[in-house]
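One letter stands for each residue in the lines below.
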Amino acid sequence: MSGRQCTKCGSVRFNSNSRCMDCRNARARRRNERMKANGGHHTVAEWRSLLAASPCCAECGRPWEHIPRRPDPRYRFVWTKGHKVHVTAGGTNDISNLQAECYQCNFRKNAGRSIRVRPQSWLG
């Protein structure tokens, strides 16, 4: 044990990317709760059909083959599921609210959203 503690929750469990696992799991639980509360769903077949009809990123328009591979070798694809209306803003997980985006555009548009988008109850 390195004696390192998370500055948010005090946990000492970190993954190989030096991210606190307890904070990561808490974020995942909150996101899954929002997804359930907002409703909507899609099947794998619907997603594959949408992806097949999307030769390029919906945000930047680059063809999939022109997007550099992800730096993390765990990910095989350069595309991600992007929500047109963000889940944090009340968007559903229905196929009509999804679009195929490159990982760079998806990460760029979502970076810091948890800081910028806050529920009304947080506002004084």
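Structure report, in brief.

The next subject is the pairing of strand E2 (residues 98–102). In terms of residue burial, E2 counts as a mostly covered element, since five of its five residues are buried. Across the two faces of E2 the burial is the same, with Leu 98, Ala 100 and Cys 102 and Gln 99 and Glu 101 all buried.

Membership of the largest hydrophobic core is limited to 12 residues, which are Trp 47, Leu 51, Cys 57, Trp 64, Ile 67, Val 78, Ile 95, Leu 98, Ala 100, Cys 102, Tyr 103 and Cys 105. When contributions to this core are tallied by element, the ones reaching two or more residues are helix H2 (44–52), E2 and helix H3 (103–110). The greatest single-element share of this core, amounting to three residues, is contributed by E2. Every residue in contact with Cys 105, bar those within four places of it in the chain, is listed here: Cys 57, Glu 59 and Cys 60.

Within this structure, the stated rule accounts for three aromatic pairs. Relative to Trp 79, the ring of Trp 47 lies with its centre 5.8 Å away and its plane at 55 degrees, an arrangement referred to as tilted. A residue pair is termed long-range when its members are at least 10 positions apart, and Trp 47 in helix H2 and Trp 79 in strand E1 (residues 79–83) qualify at 32 residues. According to the relative accessible area criterion, Trp 47 is buried, its value standing at 6%.

With that out of the way, let us pick up the pattern of salt bridges. Scanning all chains against the criterion turns up four salt bridges. The partner of Glu 59 in a salt bridge is Lys 109, with the nearest N and O atoms 3.9 Å apart. You can see Glu 59 sitting in the loop between H2 and E1 and its partner Lys 109 sitting in helix H3, a full 50 residues away along the chain. Given a relative accessible area of 43%, Glu 59 falls into the partly exposed group. Between Glu 101 and Lys 109 there is a salt bridge, with the nearest N and O atoms lying 2.5 Å from each other. The class of Glu 101 is buried, set by a relative accessible area of 0%.

Reading the values: the criteria
The written sequence of each chain sets the order in which its residues are numbered from 1. For this predicted model, a pLDDT threshold of at least 70 governs which residues receive local features, and a threshold of 80 or more governs which side-chain atom pairs are given and counted, while totals over whole chains, interfaces and linings are taken from all residues. As a rule here, side-chain values cover all heavy atoms of the structure and leave hydrogens and water aside. Three labels apply to residues, based on accessible area from a 1.4 Å probe with only protein chains included: buried if under 20% of the type maximum, exposed if over 50%, partly exposed otherwise in between. In this description a helix means any DSSP run of H or I spanning at least four residues, a strand means any run of E spanning at least two, and both kinds are numbered starting from the N terminus. Residues belong to one nonpolar core when they are buried, are Ala, Val, Leu, Ile, Met, Phe, Trp, Tyr or Cys, and are joined through side-chain atoms within 4.5 Å. Two residues form a contact once any of their heavy atoms are found within 4.5 Å. To pair, rings of Phe, Tyr and Trp, with the six-membered ring standing in for Trp, must have centres within 6.5 Å; the planes then decide the type, stacked if under 30 degrees apart, edge-to-face if over 60, and tilted in the middle. Each salt bridge in this description consists of a side-chain nitrogen of Lys or Arg and a carboxyl oxygen of Asp or Glu lying within 4 Å of one another.

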